[in-house]
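# Architecture and fold: a report
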Amino acid sequence: MADLLRSRTVAAALGLFTHFIFNSGEWDHHVHLLVPGGSLLFGALVAFEYVADPRVFTLFQAFQVVATAAAVYLATLATSVIIYRAYFHRLRKFPGPFAARITKFDTISRVIHGDYQLYKIIEGFHKKYKTDIVRTGPRELSVASADAIPLIYGPMSKCRKGVWYSGAYHVEGASLQTTRDHQDHRERRKAWDRAFSAKSLREYEPRINRHTRLLLEKLKEHAKEQSVRISSWIGFFAFDVMGDIGYNRGFGMLEKGEEDEMIELVHKSMANMSTFGHIPWVVGMMLRTSVGAKDLLTFMSLVQDVLVERKKITPAEPDVFSHLIDDTKEEIPLQLNADSRLMIVAGSDTTHATLTWLVWELCMHKDAQAKLRKITDELAPNKSFLDAEDVANCPHLDGAINESLRLHPAVPSGLQRETPPSGITLPDGTYIPGETTVWMPIHTLQRDERSFPDPLKFMPERWTDEAPEYIKDKRAFIPFSAGVYNCVGQKLAMMEMRVVMANLLRSFEMDFAGDMGEAVVKKSRDAFTLSVGALDVKLTPRYKN
Ligand code: HEM
């Protein structure tokens, strides 16, 4: 054994063998075991060498022998991994940046230097390599082809959710969104579908109206100022609505005009996630060691407290958790914490970003603002406040919201999937091997002129009878994703966004205050959902009261 430890051939062979083992299966969420396990083994081998090798007299000599073996082992492992990923990997035929073939840390460096806007970096790759498929990681592809959507996200897709989703299982269990078990998802989705059925939406309507009225009241107060940070007020609205509809907990942010502690934590925690979220094992380690994830862990525990409180009451108006909580059971299952966090983030940051971007677009295109206002003015002209029913059937309003969702999707980089072991073949004959991580870059797909002619133009008319020729392939419009994992809250989101936007237009003329909303363009951060940058506007009330 002592001789084996001194053999560089054995160390190198073990390095190659380890690479062979790591090459199959999912190791991302075992790094926390591998690192201490390797250190323990190192210590044990030093002790063994000291005791069993007659050529060794001091601990330092034993350490030197084991360290040399470890260095040869690690160098062989690293060289083997690098050469294999760069030149022999099953994805080698797909173009992409050289460094990305070898490590995902390449993405992190680009994200940090690219204003945390991964979606723009990915779009740049598709343009640079002039291809729909780019290799963005050692075993990862970005697929920007509308033809591939049914195969990757569609209802009959054989792809499953990728390893990205399981980063927080050990802390909070799996949410409806993060569960990778198809059957588990199907079972749980039934309750969520009930929570967002037409009947449930009607029950949530009064809450949306109440919060919208309060938003308008607050904006009217602040309209006296030269500049109103409308992005913050929309954010307060979005989170207040979700807290209320979700589990009957008003965050009171609109009332106070400031961010609730819980929501502040969500946003702080997202900063780190926007940097490291692309490497699942790093996220797993952050959550296990709490390094860089303190805010997220505190948020998770606050959510748990909120659920405990919520379980004690029966709200006067039903909320989403009325459908999810099992009243016959004393305990709140772990996965409900995850669902609760999902609801807040999925339901608020998304509508917040979409509405903020829509205000930005309408300030950028004053003619579009005037046209939309004229059309919404004609909806229930005698009412001072437009409720969900008044705005339910206005194609031009929906067109404007769709344009914001198309040009500025709230989940811009797409959703991670893994191909089935047999791989998939795209309609153009391209074969994507099995167990490949694939992302469909929603931002790029929705700005593709093959699907949307004049793609960068904000044009609500393309969604109405006025200019339908500006949509060539509607399949490429997937802001809410598609298939069985699509957004369960999309009807609620549309209802909220219609009511807010129609009433904003009815109440105010909107214009940029100061610059042309540069922070929205430059400071929005891609943290899976988009943390939208600040937008300041000048609001001119249209009516005295
Ligand atoms: C502009 C608004 C919204 C956009 C763009 C949006 C987008 C999305 C997308 C892209 C997904 C797929 C996530 C994935 O596969 O990993 C998703 C899922 C989900 N969304 Fe939304 N969303 C919005 C609003 C809402 C609202 C208001 C809610 C209400 C709570 C909500 C709740 C959910 C839930 C629970 C899921 C997980 C569904 C599942 O996995 O079965 N979303 N959303």
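Residues numbered from 1 in each chain as written. Predicted model: local features only at pLDDT ≥ 70, side-chain atom pairs only at ≥ 80, totals over all residues. Heavy atoms only, no water.

## Some thoughts on the overall build of the protein
Counting its regular elements, the protein contains 23 helices and twelve strands. In terms of C-alpha radius of gyration, the protein reaches 26 Å, essentially the compact-globule figure of 24 Å for 545 residues. For the C-alpha atoms alone, the extent of the protein along its principal axes is close to 95 × 55 × 45 Å. A burial count over the protein gives 54% of its 545 residues as buried. Within the protein, residue pairs in contact and separated by at least 24 positions form 72% of the contacts whose partners lie at least 6 positions apart. For the protein, the accessible area works out to roughly 24600 Å², and carbon and sulfur atoms hold 58% of it. (Helix = DSSP H or I, 4+ residues; strand = E, 2+ residues; numbered from the N terminus. Rg over C-alpha atoms; globule rule 2.2 N^0.38 Å. Buried < 20%, exposed > 50% of the residue type's maximum accessible area, 1.4 Å probe, protein only. Contact = heavy atoms within 4.5 Å. Areas by Shrake-Rupley, 256 points an atom, 1.4 Å probe, with all protein chains shown as cover.)

## So, the coordination of the iron atom of the ligand
Within the protein, a single donor atom binds the iron atom of the ligand, namely Cys487 (SG) at 2.3 Å. Take cysteine 487: it is sitting in the loop between α21 (442–445) and α22 (490–507). (Donors = N, O, S within 2.8 Å, 3.2 Å for Na, K, Ca; no water.)

## Some details on the site of the ligand
Taken together, 32 residues lie around the ligand, and Tyr165, Gln177, His185, Arg189 and Cys487 are the ones closest in. Histidine 185 places a side-chain nitrogen or oxygen 2.6 Å from an oxygen atom of the ligand. With seven residues, the top contributor of residues to the shell around the ligand is helix α18 (residues 334–364). Residues that form the shell around the ligand fall into these classes: 20 nonpolar, nine polar and three charged. (Near = heavy atom within 4 Å. Polar contact = N/O pair within 3.5 Å; in protein donor to acceptor, adjacent residues only side chain to side chain. Nonpolar A, V, L, I, M, F, W, Y, C, P; charged D, E, K, R; others polar.)

## What about helix α14 (residues 261–276)?
For α14, spanning 16 residues, the distance from its first C-alpha to its last is 23 Å, which sits close to the expected 22 Å at 1.5 Å a residue. Three or more residues of α14 are buried, namely Met262, Ile263, Leu265, Val266, Ser269, Met270, Met273, Ser274 and Thr275. Where α14 begins, the side chain of aspartate 260 points an oxygen toward the backbone nitrogen of methionine 262, at a separation of 2.9 Å. (Expected span 1.5 Å × (residues − 1).)

## Comments concerning the UniProt feature "binding site: heme" (unreviewed entry) in the protein
Mapped onto this structure's residue numbering, the UniProt feature "binding site: heme" (unreviewed entry) falls at Cys487. On the accessibility criterion, cysteine 487 (30% relative accessible area) is partly exposed. Once residues within four sequence positions are removed from consideration, cysteine 487 is found in contact with Arg189 and Phe480. (UniProt positions renumbered as here; feature names shortened; annotations may be inferred.)

## Remarks on the pairing of strand β12 (residues 536–541)
For a regular strand, the rule is simple: side chains alternate between the two faces of the sheet. When strand β4 (residues 228–229) meets β12, the two strands line up antiparallel, connected through two bridges. Bridge pairing in β12 links valine 228 to valine 537. Bridge count between strand β9 (residues 508–512) and β12: five bridges; the pairing is antiparallel. Within the sheet, the bridge partner assigned to methionine 510 lies in β12 and is leucine 539. (Pairing = 2+ DSSP bridges.)

## A closer look at the state of the cysteines
Tallying each qualifying case throughout the model produces zero disulfides. Cysteine cysteine 394 is unpaired, with the sulfur of cysteine 363 as its nearest cysteine sulfur at 19 Å. Of the residues examined, cysteine 394 reaches a relative accessible area of 5% and is grouped as buried. (Disulfide = S-S within 2.5 Å.)

## A few points about helix α11 (residues 198–222)
Between its first and last C-alpha, α11 extends 35 Å over 25 residues, near the 36 Å set by a 1.5 Å rise per residue. Its axis deflected by about 35° at tyrosine 204, α11 carries its strongest bend there, up to four residues before the proline proline 206. (Bend = angle between axes of the 7 residues up to and from the residue.)

## Comments concerning the sheet that holds β9
Hydrogen bonding along the main chain pairs the strands of a sheet, whether they run parallel or antiparallel. Strand order in this open sheet of three strands is β4-β12-β9, and the pairing throughout is antiparallel. A single partner strand is all that each edge strand has here, and the edge strands are β4 and β9.

## A word on a nonpolar patch on the surface
Among the surface-exposed residues, Met1, Leu4, Val10, Leu14, Phe17, Phe20, Ile21, Phe22, Trp27, Leu34 and Phe48 lie close enough to one another that they form a single nonpolar patch of about 990 Å² accessible area. Listed by contribution, the elements that provide at least two residues to the nonpolar patch are α2 (8–22) and α3 (31–52). A total of six residues in the nonpolar patch trace back to one element, the largest contributor, which is α2. Here leucine 14 lies in helix α2. Under the relative-accessibility criterion, leucine 14 is labelled partly exposed at 45%. (Patch = residues over 30% accessible without salt bridge, like charges linked within 9 Å, V, L, I, M, F, W, Y side chains within 5 Å. Salt bridge = Lys/Arg side-chain N within 4 Å of Asp/Glu carboxyl O.)

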